[in-house]
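Listed here are the chains, written in short residue letters.
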Amino acid sequence: ILFTSGLQNVLMPAFSALAAEPARMASAFLRSSRTLLLVATFITGAFIAVCPEILQALWSGKWNAAVPVALAIAFSLPFKLLAPLGTSLLDAKGVWRQRTLILPMDGLPAGASALAGAWYAGVAGAAVAIAAQRCLMGLFQACYSARCANISRSVIASLVTRGILPLLAGLGLLMIQPASLTSAPADIGPLAIAALVKAATFLAGWFFTARLLNREAF
């Protein structure tokens, strides 16, 4: 909520100031998207890397069963943050009909996803279904808004792919020990070491890939 409301409060006026200059508005949208994905994938991956350790340290194992739920929702964060970026662009362009249509297109599938996921697999199923819906809706809103700004599908697809690949690269390194993604040592010493090793492992994959693919965003 803090991220999305903050993004809308900052970006909508910024895009509105460029309403008479479509080329500059499109350029600002692309620059904002690159930077947003860079920051969001860093936060998301760092949290996923140490999520079990955080829950173990805070609640002494009482909430460890919530780790899969937290991981699923966290993974959808970069995609979710594309949505307010897109809606800010639509607001700045004053396309109110399209902006209004997005609301039920987001809300109804979210409710249906939660219901279906919970029906099949309880709370964890609902979390995974909601995360999937957030990923798809974020991508849809980004692509739809980009089209309204005359940005080609190939450009936005390249931007999103390059933005998400650093997250996947870092998580791929963590998957060398998949059990560590959902479990953490109980003792504080091994727990701290495990958190540091996992964070460093993710950051190595994320940083190398981000510098390779998104040098301009740094």
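Remember, predicted model here, so these are calculated numbers, not experimental data.

(A) Expanded view of empty space enclosed by the protein. Counted according to the given criterion, the structure contains two cavities of 30 Å³ or more. Of the volumes computed, that of the largest cavity is approximately 40 Å³. If you go around the largest cavity, the residues you meet are Lys80, Ala83, Asp106, Gln133, Arg134, Met137, Gly138 and Gln141. Looking at the lining of the largest cavity element by element, the count peaks at six residues for helix H6 (residues 96-148). Looking at the lining of the largest cavity, its residues break down into two nonpolar, three polar and three charged. What the second largest cavity holds in volume is close to 30 Å³.

(B) Local environment of the environment of Pro52. Looking at where Pro52 falls in the secondary structure, it is placed in helix H2 (residues 22-59). Given a relative accessible area of 2%, Pro52 falls into the buried group. Sequence separation of Pro52 and Leu71 is 19 residues, and the distance between their C-alpha atoms is 9.2 Å.

(C) Highlighting the pattern of salt bridges. On inspection of all chains with the given rule, the structure shows five salt bridges. Where Glu21 meets Arg24, a salt bridge forms, and the shortest distance between an N and an O atom there is 3.1 Å. Exposure remark for Glu21: the relative accessible area of 33% places this residue in the partly exposed category. In this structure Arg24 comes out as partly exposed when scored by relative accessible area, which is 48%. The partner of Arg162 in a salt bridge is Glu216, with the nearest N and O atoms 3.5 Å apart. In this pair, Arg162 is assigned in helix H7 (residues 153-174) and Glu216 in the segment after helix H8 (188-213), connecting sequence segments 54 residues apart. Bridged by salt links that share partners, the residues Arg34, Arg162 and Glu216 form one connected network.

(D) Seen up close, the packing of helix H3 (residues 67-75) against H6. Contact pair H3 / H6: the axes reach a minimum separation of 8 Å and the direction vectors enclose 5°. As judged from the angle between their axes, H3 and H6 are roughly parallel. Of the residues in H6, those touching H3 at Val69, Ala72, Ile73 and Phe75 are Val123, Ala124, Ala127, Val128, Ile130, Ala131, Arg134 and Cys135. Considering only residue class, the contact of H3 with H6 consists of 11 nonpolar, no polar and one charged.

(E) Representation of H6. Relative to the 78 Å expected for 53 residues at 1.5 Å per residue, H6 spans just 12 Å between its end C-alpha atoms, considerably shorter than the ideal helical length. By the largest-angle criterion, Ala121 marks the main kink of H6, which is about 145°. Looking one or two residues past H6, Asn150 carries a phi angle of roughly 60°, positive in sign.

(F) Looking closely at the confidence of the model for the chain. Summary statistics for the chain give a mean pLDDT of 91 and a share of 100% for residues scoring 70 or more. Per-element confidence in the chain ranges from a low mean pLDDT of 85 for helix H1 (residues 2-16) to a high of 95 for H8.

(G) The nonpolar core, seen in detail. The biggest cluster of nonpolar side chains holds 28 residues, and the ones touching the most others in it are Phe15, Phe29, Leu82, Leu85 and Ile151. Contributions of two or more residues to this core are made by H1, H2, helix H4 (77-80), helix H5 (82-93), H6 and H7. In terms of residues, this core owes the most to one element, H2, which gives eight residues. Other than its neighbours up to four places away in sequence, Phe15 contacts Met25, Ala28, Phe29, Ser32, Leu85, Ser88, Leu89 and Ala92.

Reading guide: rules and limits
- Every residue gets a number counted from 1 within its own chain, in the order that chain's sequence is written.
- For a predicted model such as this one, the threshold for reporting local features is a pLDDT of at least 70, and the threshold for listing and counting side-chain atom pairs is 80 or more; totals across whole chains, interfaces and linings nevertheless cover every residue.
- Remark: hydrogens and water are excluded; side-chain values derive from all non-hydrogen atoms of the structure.
- Grid spacing is 1 Å over the protein atoms alone, the probe is 1.4 Å, and a cavity is where that probe fits but cannot get out, while a pocket is an open set with protein on both sides within 12 Å along at least five of seven lines and lining residues have an atom within 4 Å of a point.
- Grid points are joined across faces, edges and corners, and a volume is the space filled by probe spheres set on the points.
- Under the DSSP-based scheme used, a helix requires at least four consecutive residues in state H or I and a strand at least two consecutive residues in state E, with every element numbered from the N terminus.
- The nonpolar class holds Ala, Val, Leu, Ile, Met, Phe, Trp, Tyr, Cys and Pro. Asp, Glu, Lys and Arg form the charged class, and all remaining residues, Gly among them, are polar.
- Burial here depends on accessible area, computed with a 1.4 Å probe over protein chains only, as a share of the maximum for the residue type. Under 20% is buried, over 50% is exposed, and the range in between is partly exposed.
- Should a side-chain nitrogen of Lys or Arg be within 4 Å of a carboxyl oxygen of Asp or Glu, the pair is scored as a salt bridge.
- Simply put, an axis is a line fit to the C-alpha atoms, just over the touching stretch for a helix, and the angle between two N-to-C directions goes from 0 to 180 degrees.
- In this scheme, roughly parallel covers angles under 35 degrees and roughly antiparallel covers those over 145, while 65 to 115 is roughly perpendicular and the rest are oblique.
- Contacts are assigned to residue pairs with any non-hydrogen atoms lying within 4.5 Å of each other.
- The span expected for a helix works out to 1.5 Å for each residue beyond the first.
- The quantity called bend is, for any residue, the angle between two axes fitted respectively to the seven residues ending at it and the seven beginning at it.
- On a range of 0 to 100, pLDDT expresses the predictor's confidence in each residue.
- Think of a nonpolar core as a cluster: buried Ala, Val, Leu, Ile, Met, Phe, Trp, Tyr and Cys residues, connected wherever their side-chain atoms sit within 4.5 Å.

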